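# Fold and contact review
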Amino acid sequence: MSKKETFVGESKTAGKWVGRPLPRLEDARLVQGQGVFADDYKLEGMLYLQLERSPYAHARITRVDVSKAAAAPGVVCTLTGAELPSISHPFPEIGPGAGQKVEDYALAINKVRYQGEPVAAVVAESRHAAEDAAELVEVDYDPLPVVMTPEDALQSDSLLHDEAGTNRMWHDVFEFGEVDKAFQEALHIVHIGRLHFHRFSSTPLENNVVVGQWNIKEKRIQYFSNQQFPAFAAQFLSPALGVRIDQIGMRSIDIGGGFGIKITSYPYMALCALASRKTGGRPVKWTETRTEHMLASAHGNERTFYDTRVALDANGVITAIESRHIDDCGAYPRYEPLGCIIWAQVLPGVNRLKNIRIDFSQVVTNKCPVGPNRGYSRMQHLWFLERVLDICGHALGIPGDVMRLRNYILPEQFPYTTPNGCVYDSGNYPKMLEVAKELVGWDEWKKKQKEAAAEGRMIGLGIGTTLDSGTNNFGQARIVNAYAPYSGQSKAANIKLDIYGELVLSMGSVPQGQGHETTAAQVVADVLGINPEHLNVRPGFDTEQNVYTGHTGTYASQFAVTGLSAIHGAALKLRAEMSRLAAFALKAQEEELEFGVGAQGPQVSVKNTDKAINYWRLANLVNLNNAELPQSFEDITLNCRYVYKAPFEVPDVKRKYGNLTLTYAAQLHAAVLEVNSETFQPKILAYACVDDCGRAINPLIVEGQVHGGTAHGIGGALMEDCRYDSEGNMLTSTFSDYTPITPMNMPDLRYGHVESPSPFSYNGAKGMGEGGGAPLHALSAALQDALYPRGIVVTDSHNTGDSIFQLFERARQGTEAPVVRVERPRGPR
Amino acid sequence: MYPAAFRYYRAATLEEAASILSQAGDEARPLAGGQSLIPLMKLRLVRPALLVDLNSIPGLSSIKSEQGVVRIGALARHAQLADSELSQLIPILHDCAAGIADAQVRSRGTIGGSLAEADPSGDWAPVMLALSAEVRTQNSKQQRTIALGDFLKDAYTTALANGELVREVAVKVPAKNSGGAYIAFKRCASVYASASAAVQLTMADRSTCEQAHIYLGCVGLVPLHATAAEAELRGRELTKERISAAAEAAMEAAAPHSDMRGSAEYKKVLVKHVVKKGLEVSLRRSRGEQVEVSHEYVGRI
Ligand SMILES: Cc1cc2nc3c(=O)[nH]c(=O)nc-3n(C[C@H](O)[C@H](O)[C@H](O)COP(=O)(O)OP(=O)(O)OC[C@H]3O[C@@H](n4cnc5c(N)ncnc54)[C@H](O)[C@@H]3O)c2cc1C
């Protein structure tokens, strides 16, 4: 990929290592096949679990017979749904009301609710034997009417969870400002019909893997898996399995891609433990196949936006939005209904919008349960806002770039408090727009677009401005359920000087390509005046060896803030202890000391002298030779744990008001595309991505994350769609059907970086990596720009040659009501 | 996923393979590149009790050109065809071979396996039909030659009898005043096409068409012969309008059904596109122009 780079802005805390584009330290290990991945993990006596899954989307189970499977060669035990209530409990539910009545067990009991739902498990000596035996499981089903759309969910008599009494799991109205007044005073009112954000996933290269062992004598369950939020999964497993949380040991080391999809793998973790217990404590491995992953791991949230009304002033400034949103979470809520509040982290998007009323519901349907997929819940909402902006712009004849400049929060308004109390830390959206337009060649393309239009060609230019809100306040969970036992955000880190002077850092995060080992080493190197390779970073989550809090995991764009703050805090603590020790040993004042690297490696020395003490000797004094130390040094352990706690308060639940995230990284993408007049296939002609994640700890890693997020978004916009037929059969259960994006499909990316340091993090950094789905916004916008002259409004986040062809056909037939209606084109009379 | 248990036999000669297969009957399958067979076995959609591996049979992957006839061994890999000198001579072969799926599939998958599989979306069948290929087969006792049109009976069904194997595929080297092209439109690199067209034109002069062969892939149970489109062109001057008219006529021949590769109506639209482009490129090549084309997909169109 060719690239052109632009950097704007000043560094806030330039260190020797922090801020440098250091190549990733973990890469050597990973590219040499020395990653520690769960499927490579083997234990003595390990068994293999194979699942029998439902072919139906919605059916009553009338019979499950595992007798033939149980008698098959190599089979050690089986599990069926009927057994589960006697050996486990339903997983906790986060939602209030109807949500609390949902019974989610690791296997379906009386009915199945999505195609691919596990119905029975077979555990055998080899994977082969398990697969052969699973074919002998006999299940009879009595199909039920399926619920596939939000409309079905609300209107149908068919309920997924009979106990809940409704398919609507959550509902509330979010109202801020003076919406009715704004509509009365509006010069223009634009009505927009149904908009739809489609269901797609992130299909990590490595599927889910669990190795679980229920050690009966030790009364412990030990997991080795690729769960990406182990501290959270343990909170689901402990009550479901009926064990104390300290009886659950979790290890997740290297992960081959997570993107949030691996947060809700806990039902499979429960099954491995239950199967292990049934075999008397042998380890049980489950490795998901790609088809299982597509059918039954987790998908991204699908959302439909109805009856949108937009109030605007004479300049196209949006003064109010009113709309009804229905989020579709698939068959079981699991991490939901957190998505019902998480979008509100970015309630007005990047706009000064003050008055907003959104009626928000979440429904269950007979599809795979959703999981918090990259850009989770905010991406859907931001796409909606960007669509509103572009549709209004086109309806009123105001170009997309001008619309944005008129609506953006201005650089001088930061920190900016949104109508619902979120505090945007910093940003400069107009600058990002300027950089992106320059990179993509906006003005020239505008000219070319005109010329091309004269020849009947369809070129469109689009902008997507999006936010990657990071470091979430778990207190927002209380807005969806006032009793949710969560708030704040924290991360722990531990750094120690071990017996022989080795510097060892553990942090409990589970990176999946984010380069934590590298950025952590950069931070510590600056604190101690050493080189990054002097530090041993112990990657991964490990209840036994590494530190953690209940928030520990890798999710929600936050490591640069929470993870590095914890590491920085721990390193400062260690430095203070080392400084006291060194002053004693060198008979010097602490102010005279200098941390650095000498002939024998890392050391502390007395400035302008040849007196120095190396790390071995410092560690020796505390760990092995401490009679030399006076009693007053007994508090020094050289083993320093620090917990970073983000500065949050519990939100005001009634008003749905409070600061929901600490930092607001922004992404601005500009795209130029052409719709082929023969195949209707859109082709990207030019693409620029500009990011602002505050201070970049490692610009190389930041750029890599931007490339990945961009690929993911382009895939979602033009290729990837989790499609179901009207009976609930998943049509995209293989990669041949789902067609995930690969480098072969990527356009050249032009990359630019604007730096607005965050005032809320010690290092000026903002979390980033999720990316906020900017390509979906930018490509929908560009497509809209190309097609609006033909009377076509882009209403879906997923567009292919085929779907664009269908839009043309419908426009030609002219049978449908227009999507957009302008109530006061010339303002009030 | 693992396949159901099976036995494996490595054959030393084609005759031996044929003889074992005929004894074993329906239970057995020959194994070539395994790029269609193994995925189906892993999904347990097929469960042969015995696999007879052809990969060690000497000489089965050779590509020879003698007296205007090219003979391609059944075991010739897609990658081998893409890289062969033959592709310079018959560019349509390169268009097809170089764009099939990904490097792994191309370096394992074979032309014999592809034709024997008779997947309605396979790339080789329309190309070979446009070149009027013959399939030469072998059982334990004898050989026979079957015109490819007769060889392909139905979706996934060929004229091969039990114990009969594809030995080679033979095509005539097209005349100098000829040009061909294969255009496949797909959603991404490593999936089967949504629609494809193989075109081979023989020109009477710079712009008058003497003979046209047009076959459509993916839009019927077997590759469809676009005879009406050919009739539009034969003996006529290939103007822009003429080419469009032929592409429209080809659309009529298509009988696609809707699936994840596209709706039926859209696949017809694609047929028009691939035929039109195939004709344009073929015409330019017939005039000696070097034109690079391959499979089209998002990002490569
Ligand atoms: C991800 C992926 C994408 C693909 N995409 C495409 C694509 O876009 N276009 C395309 O054309 N193909 C595609 N393929 C298929 C590929 O081209 C296969 O290689 C080809 O279809 C079969 O050839 P093979 O040598 O692999 O045959 P095998 O899989 O070994 O065999 C296929 C069938 O033919 C039989 N057989 C094999 N050799 C002989 C013989 N000599 N005589 C008689 N019977 C024989 C076998 O018993 C079996 O029934 C794809 C494959 C994969 C895995």
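Residues numbered from 1 in each chain as written. Chains lettered and ligands numbered in written order. Predicted model: local features only at pLDDT ≥ 70, side-chain atom pairs only at ≥ 80, totals over all residues. Heavy atoms only, no water.

Bringing the pairing of strand β9 (residues 188–192) of chain A into the picture now. Residues and elements named next belong to chain A. Here β9 lies mainly inside the structure; five of its five residues are buried. Where β9 and strand β15 (residues 302–312) come together, five bridges link them in antiparallel fashion. Along β15, the bridge assignment pairs Ile-189 with Ala-311. (Buried < 20%, exposed > 50% of the residue type's maximum accessible area, 1.4 Å probe, protein only. Helix = DSSP H or I, 4+ residues; strand = E, 2+ residues; numbered from the N terminus. Pairing = 2+ DSSP bridges.)

Once that is clear, we can look at the confidence of the model for chain B. Interpretation of the predicted coordinates at a detailed level should be avoided for regions scoring low in pLDDT. In the predicted model, chain B carries a mean pLDDT of 96, and 100% of its residues have values of at least 70. If you check the scores for this complex, the pTM reads 0.96 and the ipTM reads 0.96. (pLDDT = per-residue confidence, 0-100.)

All names here are of chain B. Read from one edge to the other, the open sheet built from three strands follows the order β1-β3-β2, with strand pairing classed as parallel. Either end of the sheet is taken by a strand with one partner, and the two such strands are β1 (7–10) and β2 (28–31). Sheet twist, expressed as the average angle between the axes of neighbouring strands with direction ignored, equals 25 degrees. By the bridge criterion, four bridges tie β2 to strand β3 (residues 50–53) in an arrangement that is parallel. Opposite Leu-31, over in β3, you have Asp-53 as the bridge partner. Running over the sheet, helix α1 (residues 14–24) touches β1, β2 and β3 and is turned about 170 degrees from β3. (Axes fitted to C-alpha atoms, helices over the stretch in contact; angles between N-to-C directions. Contact = heavy atoms within 4.5 Å.)

A few words now on the domain arrangement of chain A. Interface size is commonly expressed as the accessible surface area that is lost when the partners come together. Residue and element names in this part refer to chain A. Domain boundaries in chain A define domain 1 (38–144 + 209–280), domain 2 (175–201 + 298–475 + 651–823) and domain 3 (490–645). If you average the C-alpha positions of domain 2 and of domain 3, the two centres end up 42 Å apart. On the domain 3 side, the residues contacting the 21 residues of domain 2 number 19 residues. Buried area between domain 2 and domain 3, both sides added, is near 1,400 Å², and the carbon and sulfur share of it is 60%. If you sort the residues of domain 2 by the area they bury against domain 3, Thr-471, Ile-697 and Tyr-762 come out on top, with a joint share of 37%. Where domain 2 meets domain 3, there are zero salt bridges. Linking domain 2 with domain 3 are eight residue pairs in polar contact (both at pLDDT 80 or more). (Domains from an automatic or database assignment. Buried area = accessible area lost by both parts, 1.4 Å probe. Salt bridge = Lys/Arg side-chain N within 4 Å of Asp/Glu carboxyl O. Polar contact = N/O pair within 3.5 Å; in protein donor to acceptor, adjacent residues only side chain to side chain.)

So, on to the pattern of salt bridges. If you walk through the whole model with that rule in mind, you get 67 salt bridges over all chains. Between Arg324(A) and Asp307(A) there is a salt bridge; the shortest N-O distance is 3.3 Å. Of the two residues, Arg324(A) is situated in strand β16 (residues 318–328) and Asp307(A) in strand β15; the sequence distance between them amounts to 17 residues. Asp307(A) gets classed as exposed once you look at its relative accessible area, which sits at 51%. Within this structure, Arg127(A), Glu131(A), Asp132(A), Glu135(A), Arg44(B) and Arg47(B) form a network of salt bridges that share partners.

Contact with chain A, which involves 28 residues of that partner, is made by 27 residues of chain B. Linking chain A to chain B there are five salt bridges. The closest approach of N and O atoms between Arg44(B) and Asp132(A), which form a salt bridge, is 2.7 Å. At the surface where chain A touches chain B, the tally comes to 13 residue pairs in polar contact (both at pLDDT 80 or more).

Residue and element names in this part refer to chain A. For Met-169, the location among the structural elements is in strand β8 (residues 168–176). Here the alpha-carbon distance between Met-169 and Val-650, two residues 481 residues apart in the chain, equals 24 Å. If we skip the residues at most four places from it in the chain, Met-169 touches Pro-96, Ala-98, Gly-99, Val-102, Ala-164, Pro-333, Gln-362, Val-363 and Val-364.

Here we come to the environment of Arg374(A). Residue and element names in this part refer to chain A. On the secondary structure map, Arg-374 appears in the loop between β17 (355–363) and α12 (378–396). For the pair Arg-374 and Asn-625, spaced 251 residues apart in the sequence, the C-alpha separation amounts to 50 Å. Ignoring anything within four residues of it in the chain, the contact list for Arg-374 reads Phe-259, Met-379, Gln-705, Gly-708, Gly-709, His-712, Gly-769 and Glu-770. From its side chain, Arg-374 meets the backbone oxygen of Glu-770 in a polar contact 3.2 Å long.

Our focus in this paragraph is the site of the ligand. Residues and elements named next belong to chain B. In the vicinity of the ligand there are 29 residues, among which Pro-30, Gly-34, Gln-35, Thr-110 and Asp-123 approach most closely. One of the backbone nitrogen or oxygen atoms of Ala-32 is found 2.9 Å away from an oxygen atom of the ligand. At 2.6 Å from a nitrogen atom of the ligand is found a side-chain nitrogen or oxygen belonging to Asp-123. Breaking the shell around the ligand down by element, the ones donating at least two residues are β2, α7 (111–117) and β10 (165–172). At four residues, the largest contribution of residues to the shell around the ligand is made by α7. Each residue belonging to the shell around the ligand can be placed in one class, and the counts come to 15 nonpolar, eleven polar and three charged. (Near = heavy atom within 4 Å. Nonpolar A, V, L, I, M, F, W, Y, C, P; charged D, E, K, R; others polar.)

This paragraph deals with the environment of Ile63(B). Position of Ile63(B) among the secondary structure elements: in strand β4 (residues 63–66). When near neighbours in sequence (up to four residues on either side) are disregarded, Ile63(B) contacts Val70(B), Arg71(B), Ile72(B), Ala76(B), Gln80(B), Leu81(B), Ser84(B) and Leu86(B).

With that out of the way, let us pick up helix α23 (residues 801–813) of chain A. With 13 residues, α23(A) extends 18 Å from end C-alpha to end C-alpha; this agrees with the ideal 18 Å at 1.5 Å per step. Listed as buried for α23(A) are Gly801(A), Asp802(A), Ile804(A), Phe805(A), Leu807(A) and Phe808(A). Where α23(A) is buried, its residues contact β20 (458–472), β29 (661–675), β30 (682–692) and α22 (774–787) of chain A together with α12 (264–286) of chain B. Following α23(A) by one or two positions, Gly814(A) has its phi on the positive side, about 60 degrees. (Expected span 1.5 Å × (residues − 1).)

Turning next to the domain arrangement of chain B. All names here are of chain B. Each assigned domain of chain B is listed with its residue range as follows: domain 1 (7–53), domain 2 (63–172) and domain 3 (178–297). Centre-to-centre separation of domain 2 and domain 3, based on C-alpha positions: 20 Å. Taken together, the contact between domain 2 and domain 3 spans 25 residues of the former and 26 residues of the latter. Buried area between domain 2 and domain 3, summed over both chains or domains, comes out near 1,900 Å², and the portion from carbon and sulfur atoms is 59%. Per-residue buried area on domain 2 facing domain 3 is highest for Asp-95, Ser-121 and Pro-126; these three make up 28% of the total on that side. Across the domain 2-domain 3 interface, the total number found is one salt bridge. One salt bridge connects Arg-285 with Asp-95, and the closest N-O pair in it is separated by 2.8 Å.

The next point concerns the packing of aromatic side chains. All names here are of chain A. Summed over the entire model, instances satisfying the criterion amount to 34 aromatic pairs over all chains. Taking 4.8 Å as the distance between ring centres and 65 degrees as the angle between the ring planes, the aromatic pair formed by Phe-91 and Tyr-266 counts as edge-to-face. Here Phe-91, found in the loop between α3 (84–87) and α4 (98–101), pairs with Tyr-266, found in helix α9 (residues 266–278); they are 175 residues apart in sequence, far enough to count as distant. Grouping residues by exposure puts Phe-91 and Tyr-266 together as buried. Aromatic pair Trp-170 and Phe-360: ring centres 6.4 Å apart, planes at 70 degrees, arrangement edge-to-face. Of this pair, Trp-170 sits in strand β8 while Phe-360 sits in strand β17, placing them 190 residues apart in sequence. Taken individually, Trp-170 and Phe-360 each receive the classification buried, so the pair is uniform in this respect. Clustering of aromatic rings is evident, with ring pairs tying together Phe-91, Phe-229, Phe-232, Phe-236, Tyr-266, Tyr-335, Tyr-376, Phe-474, Tyr-486 and Tyr-555. One residue, Arg-575, lies across the ring of Phe-595, its end atom 4.1 Å from the ring centre. (Phe/Tyr/Trp six-rings, centres within 6.5 Å; stacked < 30°, edge-to-face > 60°. Lys NZ or Arg CZ within 6 Å of the ring centre and 35° of its normal.)

This part is about the sheet that holds strand β7 (residues 138–143) of chain A. All names here are of chain A. Spatially, the three strands line up as an open sheet ordered β5-β3-β7, and their pairing is antiparallel. Both edges of this open sheet fall to β5 (111–112) and β7, since each of them pairs with a single strand only. Taken together, the two bridges between strand β3 (residues 59–65) and β5 define a ladder with antiparallel strand orientation. Among the inter-strand pairings, Ala-59 is bridged to a residue of β5, identified as Val-112.

Core analysis: the largest hydrophobic core is formed by 224 residues, its most contacted members being Tyr223(A), Leu237(A), Leu241(A), Tyr429(A), Leu201(B) and Leu216(B). In contact with Leu237(A), other than residues within four places in its own chain, are Phe91(A), Tyr223(A), Gly242(A), Ile248(A), Met250(A), Tyr266(A), Met269(A) and Ala270(A). Residues Ile495(A), Ile530(A), Ile567(A) and Phe595(A) belong to the second largest nonpolar core, which totals 55 residues. (Core = buried A, V, L, I, M, F, W, Y, C linked by side-chain atoms within 4.5 Å.)

Now for the packing of helix α20 (residues 699–718) of chain A against α22(A). Residues and elements named next belong to chain A. Running from amino to carboxyl end, α20 crosses α22 at an angle of 45 degrees, the nearest separation of the two axes being 7 Å. The orientation of α20 relative to α22 falls into the category oblique. The handedness of the crossing between α20 and α22 is right-handed. Touching Gly-709, Thr-710, Gly-713, Ile-714, Gly-716, Ala-717 and Leu-718 of α20 are Pro-775, Leu-776 and Leu-779, all from α22. Each residue belonging to the contact of α20 with α22 can be placed in one class, and the counts come to six nonpolar, four polar and no charged. (Parallel < 35°, antiparallel > 145°, perpendicular 65-115°, else oblique. Left-handed = near helix turned anticlockwise from the far one by under 90°.)

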